[in-house]
Amino acid sequence: MQSAAAPTERGNDIASTVVATMSQMGVIGLPRNYEIFYEALTGTNAALSLEVIALGNRPTQEQLDLIGHKFFAQHHGQGIVEHAREVLARELEGVASLLRNEQTHLERYGKVLDETSSGLNSRTAMSQELLQKIVGVMAVATASTIDHGKQVATTLSDKSSELESVKSKLEEYKKLADTDPLTHIWNRRAFDRRIAKIYNDNRGVLFSALILADIDRFKDINDRHGHPVGDKILRIIASIFQSSVHRDMFVARTGGEEFALIVEGTTEEATFEIADRVRLLVAQTQLKDIQPGVNCGQVTVSMGVCMASDADGAEDLYAKADRALYRSKLIGRNRVTRYSTIAERQGKNWMLYKKD
C-alpha cells in the first residue's frame, strides 16, 4: 500500500529535479523561470516542453522570457504593454514628423505656384522661351511633389503595418490574459467581466443563468495521486464542459477546481437540464491511465444553478449559485441544485460545511 507521505515525497522530488535542472543549465533561479521548468518537467504542457528542449543546454534569459510571454502571459502582461506603448509612441511620432515634412513640402510647392502665377500676371507679353521655362519649372516642382507624396504614402503604409502588428499582439495578449493557462478556457478575470454584463440590460437579467460546478473530493485526488494528475483531470473536465455545450456559451475556470457556465436565452428548467447533462458526462468518463499505472476511476462534480432574475446583481448571482452548489455537496455530491428550490433559512447554517 502506498504511504500517505508518497504524494509529498513526489512533490519534493519534482521540486528538486526542477532546481537541479535549472542549475545544470545555468538558469537564474527566478520564480518565472521555475514556473517554466516545472511545467516542462512535469509534462503538463507538451508544447512548452518542446520549446524548452529546443533551447539547448544554455538558454538565455531573453529566450526564457519569450517562452514566458507565450505560455504565461498573465504574469508578463506589464512587459508586453510597456513594449507596445513604446512602439506606439515611436511610430506615432514618426507619422507626425512625416506629416510635418509633407506640410512643409506642400507649402513650398504652393509658394512656387504663387510665384509663377504672380510672374505670369505681371507680364504683358510672353515669349515662347519664357513659357517653356515656366512649364519646365512647374513640371519639376509637380513631379517632385508627386514623388514625395508617393514616398510618404509608402512610409505611412509601412508604419500602418507596424501599428497593425502591435494591435494584433495586444489583442493576442488580451486573449491570453483572459485564458486559464492550464485548461485553455476563460479564467476568473474574464468571468468577472462577463457576469457583470448580464445586468447591463433587462433582457440579460430575464434570460440568463449561472451554473457553478466543483469537482468532488478533489483534494483527495491530489493527495493520493499528486498534482500533475490533478492538473490533467482539470483539463479533461474543462474539455468536457467546453465540448458538451453550445459554442456561444461562456465556460470558465473560476478557481482551483471550480468552473462556471453562463447560460443565455433559456428557462430555469432548460438550464438545469444543461447542468445535469454535463454532470452526467463527467461522471461517465472513466479516468484511466492518466499517468502509467494511475487509475482515478470515476470523478464527479457537484453543481448549483441560479437564474439572474433571482439575484440583485453579479455578486449576488454568484453567491446564490454558490449556495446552491454547496447544497449539492451537503446532500450527497454528484448532483445539481437550483437556488430557487432551497428553502430560506435563518442565519448562515448552510455555510457550516466546507468545500472538499
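Below you will find a few notes about this structure. Once a new chain begins, its residue numbering starts again from 1 and follows that chain's sequence as written. Only residues with pLDDT of at least 70 get local features here, since the model is predicted, and only at 80 or more are side-chain atom pairs given and counted; chain-wide, interface and lining totals rely on the full set of residues. Side-chain numbers come from the whole structure's heavy atoms, not from hydrogens or water.

For helix α12 (residues 314–330), with 17 residues, the first-to-last C-alpha span of 24 Å sits near the 24 Å given by 1.5 Å per residue. Note on classification: 1.4 Å probe, protein chains only; a residue is buried when its accessible area is under 20% of the maximum for its type, exposed when over 50%, partly exposed between these limits. Segments assigned H or I by DSSP are reported as helices when at least four residues long, segments assigned E as strands when at least two residues long, and all are numbered from the N terminus. If you check which residues of α12 are buried, you get Leu317, Tyr318, Lys320, Ala321, Asp322, Arg323, Ala324, Leu325, Tyr326, Ser328 and Lys329. Pairs of residues are marked as contacts when any of their non-hydrogen atoms sit within 4.5 Å. The inward-facing, buried residues of α12 abut α7 (188–197), β1 (208–215), β3 (258–264), β6 (301–307) and β7 (336–338). Looking one or two places after α12, you find Gly332, whose phi comes out positive at around 135°. Helices are assigned an expected span. That span is 1.5 Å times one less than the residue count.

This brings us to the sheet that holds β3. The sheet built from five strands is open, its strands ordered β2-β3-β1-β6-β7 with mixed pairing. The open sheet has two free edges, formed respectively by β2 (250–253) and β7, since each of these has just one partner strand. Averaged over all neighbouring strand pairs, the angle between strand axes comes to 20°, with direction disregarded. Note on pairing: two strands pair once DSSP finds at least 2 bridges between them. Where β2 lies against β3, four bridges are found, and the strand directions are antiparallel. The residue bridging Ala252 from the neighbouring strand is Ala260, located in β3. Note on geometry: axes are lines fitted to C-alpha atoms, helical ones only across the stretch in contact, with angles between N-to-C directions running from 0 to 180 degrees.

Moving on to the side chain of Asp178. Assignment of secondary structure puts Asp178 in the loop between α6 (128–177) and α7. Owing to a relative accessible area of 2%, Asp178 belongs among the buried residues under this scheme. One polar contact links Asp178 to Arg193, side chain to side chain, over a distance of 2.5 Å. Aside from chain neighbours lying at most four places away, what touches Asp178 is Ile185, Trp186, Asn187, Arg189, Ala190 and Arg193. As used in this structure description, the phrase polar contact means that two N or O atoms lie within 3.5 Å; if the pair is within protein, one of them must be able to donate a hydrogen and the other to accept it, and residues adjacent in sequence are counted only when both atoms belong to side chains.

As a packed pair, helix α2 (residues 31–42) and helix α4 (residues 61–71) sit with axes 10 Å apart at the nearest point and diverge in direction by 65°. Classified by the angle between their axes, α2 and α4 sit roughly perpendicular to one another. Note that α2 runs across α4; the crossing there is left-handed. Residue-level inspection shows Arg32, Asn33, Ile36 and Phe37 of α2 in contact with α4, the latter providing Gln61, Leu64, Asp65, Ile67 and Gly68. In the contact of α2 with α4, the residues fall into four nonpolar, three polar and two charged. Convention used here: angles under 35 degrees read as roughly parallel, angles over 145 as roughly antiparallel, angles from 65 to 115 as roughly perpendicular, and any remaining angle as oblique. Helix crossings fall into two classes, left-handed where the near helix is turned counterclockwise from the far one by less than a right angle and right-handed where it is turned clockwise. For this classification, Asp, Glu, Lys and Arg are treated as charged, while Ala, Val, Leu, Ile, Met, Phe, Trp, Tyr, Cys and Pro are nonpolar and the rest, including Gly, are polar.

Looking at where Ser302 falls in the secondary structure, it is placed in strand β6. Relative accessible area serves as the criterion here: at 0%, Ser302 is assigned to the buried category. Separated by 34 residues in sequence, Ser302 and Val336 have C-alpha atoms that sit 6.2 Å apart. There is a polar contact of 3.2 Å between the side chain of Ser302 and the backbone nitrogen of Asn334.

On to unusual backbone geometry. A positive phi angle, close to 65°, is found at His184, a residue other than glycine. Structurally, His184 is set in the loop between α6 and α7. Relative accessible area serves as the criterion here: at 56%, His184 is assigned to the exposed category. The phi angle at Arg217 is positive, at roughly 55°, despite the residue not being glycine. Relative to the elements of secondary structure, Arg217 occurs in the loop between β1 and α9 (218–225).

A separate point is the nonpolar core. Judged by nonpolar contacts, the single largest core of 33 residues is most densely connected at Ile211, Ile215, Ile233, Ile237, Phe241, Phe259 and Met303. Only β1, α9, α10 (227–243), β3, α11 (268–284) and β6 provide two or more residues apiece to this core. Contact partners of Ile211, with chain neighbours within four places excluded, come to Phe259, Ala260, Leu261, Val263, Thr271, Ile274, Ala275, Met303, Gly304 and Val305. Residues belong to a common nonpolar core when they are buried Ala, Val, Leu, Ile, Met, Phe, Trp, Tyr or Cys residues joined through side-chain atoms within 4.5 Å. One finds Phe191, Cys306, Leu317 and Leu325 within the second-largest nonpolar core, a separate group that totals 20 residues.

Stacked, tilted and edge-to-face are the three classes applied to pairs of Phe, Tyr and Trp rings, where Trp contributes its six-membered ring and a pair requires centres within 6.5 Å; stacked means planes under 30 degrees apart, edge-to-face means over 60, and tilted covers the rest. Counting across every chain of the model gives three aromatic pairs. We call a charge positioned over a ring when the NZ of a Lys or the CZ of an Arg lies within 6 Å of the ring centre and within 35 degrees of the ring normal. The ring of Tyr318 carries Arg188 above its face, with NZ or CZ at 4.7 Å from the centroid.

Interhelical geometry of α7 versus α12 gives an angle of 115° and a closest axis separation of 9 Å. With respect to α12, the element α7 is oriented roughly perpendicular. For the crossing formed where α7 meets α12, the hand is right-handed. Residues Arg188, Phe191, Ile195 and Ala196 of α7 form the contact with α12, whose participating residues are Ala314, Leu317 and Tyr318. Per-class residue counts for the contact of α7 with α12 are six nonpolar, no polar and one charged.

As a further point, take the pattern of salt bridges. Salt bridges are counted wherever a side-chain nitrogen of Lys or Arg sits within 4 Å of a carboxyl oxygen of Asp or Glu. Inspection of the entire model under this criterion finds 11 salt bridges. Here Asp223 makes a salt bridge to Lys219, at a shortest N to O gap of 2.9 Å. In this pair, Asp223 and Lys219 both sit in helix α9, four residues apart, roughly one turn of the helix. Between Asp276 and Arg279 there is a salt bridge, with the nearest N and O atoms lying 2.8 Å from each other. With Asp276 and Arg279 both in helix α11 and three residues apart, this pair spans about one turn of that helix. Relative accessible area serves as the criterion here: at 27%, Asp276 is assigned to the partly exposed category. Judged by its relative accessible area of 11%, Arg279 falls in the buried class. If you follow the salt bridges from partner to partner, you end up with Asp178, Arg189 and Arg193 in one network.

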